[in-house]
Amino acid sequence: MMKKKLVHEFDYYVLLFFAMAFIGWIWEVLLYLFTEHAFINRGVYRGPYLPIYGAGGLLLCFLLRGFRKKPMRVFFLSMLICSALEYFTSWFLERLWGIRWWDYGGHAFNLNGRICLAGAVVFGLGGTGLVCVLLPLYEKLYGKISKKWRFALCLLLLAVFIADATYCAVRPNTGRGISQGG
């Protein structure tokens with residue numbers, strides 16, 4: 001018997017992207033609140049989202065959904081996938097704007113300061129939580145929202161994000177505590 005392939009509508013992925021981007025933003029803001037004792041809006045954009053977390057969440061959703069019942073495999077694959085994404089994103093942002101938004105140079109087992117073992121472990125834990133726990137909850141919640149409201153929410157989020165991205169393409173967020181060399 002062939003396994004049924006799970007395909008969702010576009011709004012499913014847009015809302016998942018923004019949910020993960022917002023959760024990533026919350027994570028980083030709280031991390032800096034506790035370590036630096038200051039509110040720092042992390043990332044290139046001004047809004048409460050970090051697209052790297054949204055993109056990472058979507059990648060994990062597409063690539064690892066089938067391993068939901070194998071959390072150890074999800075953990076190690078999440079470490080690998082998210083570390084590769086983080087490395088590439090760091091390299092790309094530095095090439096684009098000449099600014100490094102993060103530097104793990106002082107952390108053990110880092111690679112060119114772009115990624116480190118501790119970060120990879122956190123991504124592994126986060127990816128496992130996403131794939132094995134949050135995605136099933138998200139799918140239940142998604143199914144309870146009417147298509148009309150999902151569509152309206154997608155339009156609003158995308159409009160705000162596009163406006164923010166357009167503004168930040170010229171003036172990226174390089175405020176205190178965000179970038180190295182900015």
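Residues numbered from 1 in each chain as written. Predicted model: local features only at pLDDT ≥ 70, side-chain atom pairs only at ≥ 80, totals over all residues. Heavy atoms only, no water.

Asker: Where do I start with the overall build of the protein in this structure?
Answerer: From N to C terminus, the protein includes five helices and two strands. Going from the N terminus to the C terminus, the protein shows its helices and strands as α-α-α-β-β-α-α. On C-alpha atoms alone, the protein measures out to a radius of gyration of 17 Å, which is about the 16 Å that the 2.2 N^0.38 rule sets for 182 residues. Each of the three principal axes of the protein carries a C-alpha extent, and together these read 55 × 35 × 30 Å. (Helix = DSSP H or I, 4+ residues; strand = E, 2+ residues; numbered from the N terminus. Rg over C-alpha atoms; globule rule 2.2 N^0.38 Å.)

Asker: Would you take a moment to explain the environment of Thr35 for this structure?
Answerer: Turning to its location among the elements, Thr35 is positioned in helix α1 (residues 10-36). Between the C-alpha atoms of Thr35 and Phe88, which are 53 residues apart in sequence, the distance is 26 Å. In this structure the side chain of Thr35 is engaged in a polar contact, spanning 2.9 Å, whose partner is the backbone oxygen of Leu31. (Polar contact = N/O pair within 3.5 Å; in protein donor to acceptor, adjacent residues only side chain to side chain.)

Asker: Hey, could you run me through unusual backbone geometry in this one?
Answerer: With the exception of glycine, the majority of residues adopt a negative phi angle, and the majority of peptide bonds are in the trans configuration. Notably, His37 is not glycine yet its phi reads approximately 55 degrees, a positive angle. By secondary structure assignment, the location of His37 is in the loop between α1 and α2 (51-64).

Asker: Where do I start with the packing of α1 against helix α5 (residues 147-170) in this structure?
Answerer: Geometry of a packed helix pair, given as the angle between the helix axes and the separation of the axes. It is at 10 Å that the axes of α1 and α5 come closest, and there the two elements cross at 50 degrees. The orientation of α1 relative to α5 falls into the category oblique. Relative to α5, α1 is oriented so that their crossing is left-handed. For the pair α1 and α5, the contacting residues are Asp11, Val14, Leu15, Phe17 and Phe18 in the first and Arg150, Phe151, Leu153, Cys154, Leu157, Leu158 and Phe161 in the second. (Axes fitted to C-alpha atoms, helices over the stretch in contact; angles between N-to-C directions. Parallel < 35°, antiparallel > 145°, perpendicular 65-115°, else oblique. Left-handed = near helix turned anticlockwise from the far one by under 90°. Contact = heavy atoms within 4.5 Å.)

Asker: Help me understand helix α3 (residues 71-97) in this model?
Answerer: What sets the pattern is the α-helix's 3.6 residues per turn: residues three or four places apart point alike. For α3, with 27 residues, the first-to-last C-alpha span of 37 Å sits near the 39 Å given by 1.5 Å per residue. Buried within α3 we find Val74, Phe75, Ser78, Met79, Ile81, Cys82, Ser83, Leu85, Glu86, Thr89, Ser90 and Leu93. Residues of α3 that are buried make contact with α2, β2 (115-116) and α4 (117-144). Looking one or two places after α3, you find Gly98, whose phi comes out positive at around 70 degrees. (Expected span 1.5 Å × (residues − 1). Buried < 20%, exposed > 50% of the residue type's maximum accessible area, 1.4 Å probe, protein only.)

Asker: Is there a simple way to explain α4 in this structure?
Answerer: In a regular helix each residue adds 1.5 Å, so 28 residues correspond to 40 Å; α4 covers 39 Å between its end C-alpha atoms and thus fits that length. Where α4 bends most, at Leu134, the angle is about 50 degrees, and the proline Pro136 comes one to four residues later. Within α4, the full set of buried residues consists of Gly119, Ala120, Phe123, Gly124, Gly127, Thr128, Leu130, Val131, Leu135, Tyr138, Glu139 and Tyr142. In this structure, the buried side of α4 is in contact with α1, α2, α3, β2 and α5. (Bend = angle between axes of the 7 residues up to and from the residue.)

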